[in-house]
Amino acid sequence: MYVLGIETSCDETAVAIYHSEQGLINHNLHSQVDMHSEYGGVVPELASRDHIRKLAPLIKQLMQESRLSSADINGIAYTAGPGLMGALLVGATTARSLAWAWKIPAVAVHHMEGHLLAPMLEENPPEFPFVALLISGGHTLLIQVKGIGRYQLLGESLDDAAGEAFDKTAKMLGLGYPGGPKLSALAEHGTPQIKFPRPMTDRPGLDFSFSGLKTFTLNTFNASKKTEQDQADIAAGFQQAVAETLSIKCKRALQQTGLKRLVVAGGVSANKQIRAALTEMTAKEQAQIYFPRLEFCTDNGAMIAYAGCQRLMAGQQQGLEIFARPRWPISELSQTTD
Ligand code: KG4
Ligand code: ZN
């Protein structure tokens with residue numbers, strides 16, 4: 001079964017074709033980073049308009065490069081949420097219309113389920129059950145995963161998501177958008193001079209809170225001489241605190257569930273120090289760790305095509321309505337197996 005995947009939930013127009021037996025056939029992406037950087041963040045209306053401009057040509061190019069025609073495609077998977085409503089609607093209407101025209105099923109995919117399943121595209125995919133840490137720009141979730149759609153929420157961020165904390169902190173340090181990768185690059189030139197807080201690690205529980213850490217970082221920066229070295233040292237202190245906090249919570253989640261597999265995905269999982277801290281922790285816990293390749297940590301079409309293919313193979317599909325949900329708790333998803 002060939003599945004066309006479409007992702008337009010935020011600032012990336014991304015498409016992919018996944019085959020149920022052959023695996024990932026091809027993928028392509030247009031990033032809006034340059035367009036939004038002028039404004040210091042994502043401008044939703046501009047994002048929607050750019051998706052409209054780029055999506056159809058990207059699909060056409062992908063199919064041509066893959067030497068596939070519309071007759072070869074057996075289903076379409078599109079990100080239906082969570083995300084920016086206008087941006088989601090571009091993907092949802094395009095997917096639904098193509099599916100109607102090509103007389104094939106369309107399936108709505110939850111963006112975070114896409115991230116969660118992204119490591120399945122790698123050579124040694126994790127087996128169920130596992131603990132998943134999803135760290136993106138909009139969400140920080142710790143989930144016990146028993147199968148596709150069998151998600152038990154263990155913890156989440158009570159305020160800023162991990163990626164949001166990176167982006168806002170980067171902005172405070174004058175680094176601009178997109179903040180995560182910029183802050184992380186700067187942190188490599190710094191050494192933490194003072195210990196930053198590890199929020200909510202001194203009490204039991206698996207929830208996160210990053211807004212206090214953000215304020216601590218701002219106060220530390222304002223109290224410094226604001227030299228380039230100060231900036232780099234503060235970036236390093238912030239990044240180390242996030243990495244260690246995530247690591248402490250994941251260790252707790254593994255111990256609490258008794259599971260020995262940890263999946264880490266979402267944009268922030270591209271962060272080198274976070275990958276290293278979590279890898280070290282799992283080695284000590286004698287657990288296995290699974291990440292997507294770097295390009296599939298951030299938003300991409302491959303994870304949506306993969307997730308959609310699994311749901312289509314389980315017989316799931318959407319009706320003819322254009323389905324888009326800017327807010328969509330992952331716990332509401334149905335499971336594909338018992
Ligand atoms: O998953 P994603 O591409 O989009 C959402 O679903 O939100 O995640 C984007 C987030 C942004 O906040 C971005 O700054 C962060 O991931 N990010 C990083 C890195 N690369 C992307 N954060 C820290 N270090 C990175 N290397
Ligand atoms: Zn994402």
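Each remark here, short or long, concerns the structure printed above.
Scope of this entry: the structure provided in the associated data block. (Residues numbered from 1 in each chain as written. Chains lettered and ligands numbered in written order. Predicted model: local features only at pLDDT ≥ 70, side-chain atom pairs only at ≥ 80, totals over all residues. Heavy atoms only, no water.)

## Focus on the coordination of the zinc ion (ligand 2)
Link 1 in the chain: Ligation of the zinc ion (ligand 2) by protein atoms is provided by H111 (NE2), H115 (NE2) and D299 (OD), these donors lying 2.0 Å from the ion.
Link 2 in the chain: Sequence positions of the donors to the zinc ion (ligand 2) reduce to the motif H-x3-H-x183-D. With H111 and H115 both in helix 4 (residues 111-117) and four residues apart, the pair spans about one turn of that helix. Across the pair, H115 and H111 agree in class, each one buried. (Donors = N, O, S within 2.8 Å, 3.2 Å for Na, K, Ca; no water. Helix = DSSP H or I, 4+ residues; strand = E, 2+ residues; numbered from the N terminus. Buried < 20%, exposed > 50% of the residue type's maximum accessible area, 1.4 Å probe, protein only.)

## A closer look at the pattern of salt bridges
Here the idea is simple: oppositely charged side chains can pair when their charged atoms come close.
Link 1 in the chain: Tallied over the entire structure, the rule returns 13 salt bridges.
Link 2 in the chain: Between K54 and D50 there is a salt bridge, and its shortest N-O distance comes to 3.2 Å. On the criterion of helical spacing, the pair formed by K54 and D50 is a turn pair, its members being four residues apart in helix 2 (residues 44-65).
Link 3 in the chain: Measuring nitrogen to oxygen at the nearest pair gives 2.8 Å for the salt bridge that ties E113 to R311. With E113 in helix 4 and R311 in helix 10 (residues 302-313), this pair connects stretches of sequence that are 198 residues apart. The same class applies to E113 and to R311, which are both buried. (Salt bridge = Lys/Arg side-chain N within 4 Å of Asp/Glu carboxyl O.)

## Quick word on the environment of T282
Link 1 in the chain: When you line up the elements, T282 lands in helix 9 (residues 272-284).
Link 2 in the chain: Setting aside residues up to four positions removed in sequence, T282 forms contacts with L254, L262, A287, Q288 and I289. (Contact = heavy atoms within 4.5 Å.)

## Quick notes on the sheet that holds strand 9 (residues 261-265)
Link 1 in the chain: Read across the sheet, five strands follow the order 8-7-6-9-10 without closing on themselves; strand pairing throughout is mixed. Because the sheet does not close on itself, it has two edges, and the strands there are strand 8 (150-156) and strand 10 (288-290). Neighbour to neighbour, the strand axes of the sheet diverge by 25° on average, direction disregarded.
Link 2 in the chain: Taken together, the six bridges between strand 6 (residues 130-135) and strand 7 (residues 140-147) define a ladder with antiparallel strand orientation. When the sheet's bridge partners are listed, I135 is paired in strand 7 with T140.
Link 3 in the chain: The strands touched by helix 8 (residues 228-257) are strand 6, strand 7, strand 8 and strand 9; relative to strand 6, the strand with the most contacts, the crossing angle is about 155°. (Pairing = 2+ DSSP bridges. Axes fitted to C-alpha atoms, helices over the stretch in contact; angles between N-to-C directions.)

## Regarding unusual backbone geometry
Link 1 in the chain: Geometrically, the link from G81 to P82 is a cis peptide bond, its omega value of -15° lying close to zero.
Link 2 in the chain: Topologically, P82 is positioned in the loop between strand 4 (75-81) and helix 3 (85-102).
Link 3 in the chain: A cis geometry characterises the amide bond from F128 onward to P129, with omega recorded as -5°.
Link 4 in the chain: The residue P129 is located in the loop between helix 4 and strand 6 in this model.
Link 5 in the chain: Non-glycine residue M200 carries a positive phi angle of around 60°.
Link 6 in the chain: With respect to the helices and strands, M200 occurs in the loop between helix 6 (179-187) and helix 7 (211-223).
Link 7 in the chain: When its relative accessible area of 16% is taken as the criterion, M200 is described as buried.
Link 8 in the chain: Notably, Q286 is not glycine yet its phi reads approximately 55°, a positive angle.
Link 9 in the chain: Positionally, Q286 belongs in the loop between helix 9 and strand 10.

## Topic: the sheet that holds strand 3 (residues 23-31)
Link 1 in the chain: In space, the five strands of this open sheet follow the order 3-2-1-4-5, with mixed pairing throughout. Edge positions in the sheet fall to strand 3 and strand 5 (106-110), since each has one partner strand and no second. Looking at each pair of strands side by side, their axes are set apart by 20° on average, direction ignored.
Link 2 in the chain: Sheet topology note: the strand 4/strand 5 ladder contains five bridges and is parallel. When the sheet's bridge partners are listed, Y78 is paired in strand 5 with A108.
Link 3 in the chain: The strands touched by helix 3 within the sheet are strand 1 (2-7), strand 4 and strand 5, with strand 4 carrying the most contacts at an inclination of about 160°.
Link 4 in the chain: Sheet strands in contact with helix 10 are strand 1, strand 2 (12-19), strand 3, strand 4 and strand 5, and its direction is about 115° off that of strand 4.

## Quick notes on the site of ligand 1
Link 1 in the chain: The local shell around ligand 1 holds 18 residues, among which H111, H115, G137, D167 and G267 are the closest.
Link 2 in the chain: Here G163 contributes a backbone N or O atom positioned 3.2 Å from an oxygen atom of ligand 1.
Link 3 in the chain: For ligand 1, an oxygen atom lies 3.0 Å from a polar atom in the backbone of G267.
Link 4 in the chain: If you list the elements that add at least two residues to the shell around ligand 1, you get helix 4, helix 5 (162-172) and helix 6.
Link 5 in the chain: Its residues placed into classes, the shell around ligand 1 shows four nonpolar, twelve polar and two charged.
Link 6 in the chain: Looking at the shell around ligand 1, you find at least three residues from each of domain 1 (2-116 + 296-332) and domain 2 (127-291). (Near = heavy atom within 4 Å. Polar contact = N/O pair within 3.5 Å; in protein donor to acceptor, adjacent residues only side chain to side chain. Nonpolar A, V, L, I, M, F, W, Y, C, P; charged D, E, K, R; others polar. Domains from an automatic or database assignment.)

## Side note on the pairing of strand 3
A regular strand places its side chains on the two faces of the sheet in alternate fashion.
Link 1 in the chain: Here strand 2 runs beside strand 3; their pairing, made up of eight bridges, is antiparallel. The partner of I17 across the bridge, within strand 3, is N26.
Link 2 in the chain: Between the end of strand 2 and the start of strand 3, which pair antiparallel, lie three residues.

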